[in-house]
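# A closer look at the structure
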Amino acid sequence: MAGLAAKFGSGSMTNSVAEIADNEAIFVIGSNTTENHPIIALRMKEAVAKGAQLVVADPRKIPLVKFATLWLRHRPGTDATLLNSIMNVILAEGLEDREFIENRTEGYEEFVKSLEPFTPEYGEEITGVPAEDIKKAAVIYASAGCAGIYYAMGITQHSMGTNNVLAVGNLAMLTGNLGKKSCGVNPLRGQNNVQGACDMGGLPNVYPGYQKVDNPEIQKKFEEAWGRPLSGKVGLAATEMTGAMLSGELKGLYVYGENPAMSDPNTTHSVKAFESLDFLVVQDIFMTETARLADVVLPGGSFAEKDGTFTCSERRVQRVRKAVNSPGEAKTDLAIIDQVYKRIDREGAPAEVADPAEIFAEAASLWPGIAGISYERLEKESLKWPCPAEDHPGTDYLFAETFNREGGKALFSVVPFVASDELPDKEYPYVLTTGRELFHYHTGTMTRRSKGLDKVAPEPFVELNPSDADVLGISDGEKLTVSSRRGKIRLKARVSSIVPANVVFIPFHYSEAAANLLTSDAMDPVCKIMEAKVCAVQLEK
């Protein structure tokens, strides 16, 4: 969000999922797409079947590699250097889109100068990818008539995550792959309705529609709409709250549909922070690891128990309709939040029950990007924002004529080399990277309660390369202790060439061997995301 907003003025997929099938080139980086976004991966396979060239950049030999024209196995944490080296080649070969650069961008001269050190040979030295493969990737991507970039948390969960996103945006801008069909910069959201939560203002610095809380005009607009004085101060990001809890600055917390006691990097540190609170309330559908720490647990509703909308990665707003009643005394999340609000704000609180359609209509009246979307229209079709008027069909791809920045131009960014915060050393000689697997989701709150899914993927594992297994005398299936400077866990070895030598992979779904006990809470200085994808560990039999 932070990187794309700085470059283009907004942060979301620039293009639509259906357009993927018509890509001439596809660049996937930091996304195990077949396991984490299987439907989107099907579109990619469809494009390949129609003749598209697929470039996959990933330290692991993920399933998508089987369909790739070229696989770039770079070292974890070297994404921006890889991208910069590819752009260095594009400039050297004269493959840049001069017309697009001149008419629709700014900051180009300084950006070009910044790429001079990033030769393919330097790229090979830092990333481990052969210089010839860097050159091939540059030609494949830049020569295509329409090329799309697709990425996920593999490039964002780093201490330089925002830089990585800026580099992705630079690549699309350099080749003119924005503002037209079947191209663009396309972040694949990590959870259902993350896009919708951000759209509705679920961030510390914006109101609905990414309208800045510290802009006095915006502040006045929402004060008039809501009839209340509002703060113009940017709040804390979730990752900043841990330190604020431990310092005593933050004394109470309301956690809703999230399990940070297991999903936060350096979990021991996070749990200590939760335990230091004066008051913790958790609203969820199961007794999660975080809920067990709470003073009060409010039983909320699952997706099938509520009415409202979901907005997916491609900005598509879809109606969600109640299918079943909630069990026991559970209530819909809106009903709970509404009741809490009414008990806080006794004076002037509306007596009627909160209505999702009315709330959406209010958001649409305050955010021009969804002004043309209503429940009435959503009954018949889903719509992609921007949709500024009732007769507007919605927008398949963004920036056809202008970008959302002041002046209407996209901004090239200088992206220097920044190393990961914690690299291997003599004591901790391996790089740990984490992620998801196909049969489980996030912290397993739902999927590990599914007998069928848990039967297929019943236990945690650590993936390590056969060469490392030989050195350590480890057999497949043998129990190992994996430890970092923050904690240790015990789990079975899975010996596999999926990971390169000196790198290990652990899925983070399993509470009995929680990978985030090991991971680093080093933060990106811009967006405050934590570095869950790179830390140093040791392995012991």
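This text follows the structure it describes.
### Topic: the overall build of the chain
Of regular secondary structure, the chain possesses 20 helices and 21 strands. In terms of C-alpha radius of gyration, the chain reaches 24 Å, essentially the compact-globule figure of 24 Å for 541 residues. With the principal axes as the frame, the chain shows a C-alpha extent of 70 × 60 × 45 Å. Burial statistics for the chain: of 541 residues in total, 52% are counted as buried. Of the roughly 23900 Å² that the chain leaves accessible, carbon and sulfur atoms contribute 53%. Placing the 56 positive and 72 negative side-chain charges of the chain at their respective mean positions leaves the two points 4 Å apart.

### A look at a nonpolar patch on the surface
A cluster of nonpolar side chains, contributed by Y254, Y256 and I337, occupies part of the molecular surface with about 280 Å² of accessible area. Among the structural elements, Y254 can be located in strand β9 (residues 252–256). Here Y254 falls in the partly exposed class, since its relative accessible area comes to 37%.

### Describing empty space enclosed by the protein
Vacant regions in the atomic arrangement are exposed by a probe of water-molecule size rolled over the atoms. Here the structure, examined in full by the defined rule, presents one cavity of 30 Å³ or more. In this model, the largest cavity occupies a volume close to 40 Å³. If you go around the largest cavity, the residues you meet are G77, T78, D79, A80, T81, M160, N164, P416, F417 and V418. Here the residues of the lining of the largest cavity are counted per class, giving five nonpolar, four polar and one charged.

### Looking at the layout of surface pockets
Of the volumes computed, that of the second largest pocket is approximately 210 Å³. Residues that form the lining of the second largest pocket fall into these classes: nine nonpolar, four polar and one charged.

### Description of the sheet that holds strand β17 (residues 461–464)
Note: strands within a sheet are paired through backbone hydrogen bonds, in either parallel or antiparallel orientation. An order of β16-β20-β17-β19-β18-β21 is seen for the six strands of this closed barrel, with the pairing classed as mixed. For this sheet, the mean angle separating the axes of adjacent strands, direction not counted, is 45°. Relative to strand β20 (residues 503–507), strand β16 (residues 430–435) runs parallel, the two sharing five bridges. Each bridged residue has a counterpart across the sheet, and for L432 the counterpart in β20 is V504.

### Overview of the packing of aromatic side chains
Summed over the entire model, instances satisfying the criterion amount to 16 aromatic pairs. Taken together, a centroid distance of 6.3 Å and an interplanar angle of 45° make the contact between Y108 and F111 tilted. Note that Y108 and F111 are positioned in helix α6 (residues 108–114) at a spacing of three residues, about one turn of the helix. Take Y108 and F111: they sit in the same class, and that class is buried. Consider the rings of Y207 and W226, whose centres lie 5.8 Å apart with planes at 80°: the pair is edge-to-face. Taken together, the residues Y207 in strand β7 (residues 206–207) and W226 in helix α12 (residues 216–226) connect sequence positions 19 residues apart.

### Observations regarding the state of the cysteines
Across all of its chains, the model carries zero disulfides by this definition. C527 takes part in no disulfide bond, and the closest cysteine sulfur to it belongs to C198, at a distance of 11 Å.

### Let's talk about a negative patch on the surface
A cluster of acidic residues, D307, E352, D355 and E358, forms a negative patch on the protein surface. Here E358 is to be found in helix α17 (residues 356–366).

### Topic: α12
Looking at α12, one finds that the buried residues are I218, Q219 and F222. The arc that holds every buried residue of α12, seen down its axis, measures 100°, which confines them to one face. Summarising the geometry of α12, the exposed residues directed more than 90 degrees from the buried face are P216, E217, K220 and E224. Sitting at the amino-terminal end of α12 is N215, which places a side-chain oxygen 2.9 Å from the backbone nitrogen of E217. G227, located one to two residues past α12, shows a positive phi value of around 65°.

Conventions adopted
- Residues numbered from 1 in each chain as written.
- Predicted model: local features only at pLDDT ≥ 70, side-chain atom pairs only at ≥ 80, totals over all residues.
- Heavy atoms only, no water.
- Helix = DSSP H or I, 4+ residues; strand = E, 2+ residues; numbered from the N terminus.
- Rg over C-alpha atoms; globule rule 2.2 N^0.38 Å.
- Buried < 20%, exposed > 50% of the residue type's maximum accessible area, 1.4 Å probe, protein only.
- Areas by Shrake-Rupley, 256 points an atom, 1.4 Å probe, with all protein chains shown as cover.
- Lys, Arg positive; Asp, Glu negative; His and termini not counted.
- Charge placed at Lys NZ, Arg CZ, Asp CG, Glu CD.
- Patch = residues over 30% accessible without salt bridge, like charges linked within 9 Å, V, L, I, M, F, W, Y side chains within 5 Å.
- Salt bridge = Lys/Arg side-chain N within 4 Å of Asp/Glu carboxyl O.
- 1 Å grid on protein atoms, 1.4 Å probe; cavity = no way out; pocket = protein on both sides within 12 Å on 5 of 7 lines; lining within 4 Å.
- Points joined across faces, edges and corners; volume = space filled by probe spheres on them.
- Nonpolar A, V, L, I, M, F, W, Y, C, P; charged D, E, K, R; others polar.
- Pairing = 2+ DSSP bridges.
- Axes fitted to C-alpha atoms, helices over the stretch in contact; angles between N-to-C directions.
- Phe/Tyr/Trp six-rings, centres within 6.5 Å; stacked < 30°, edge-to-face > 60°.
- Disulfide = S-S within 2.5 Å.
- Arc of directions from axis to C-beta.
- Polar contact = N/O pair within 3.5 Å; in protein donor to acceptor, adjacent residues only side chain to side chain.

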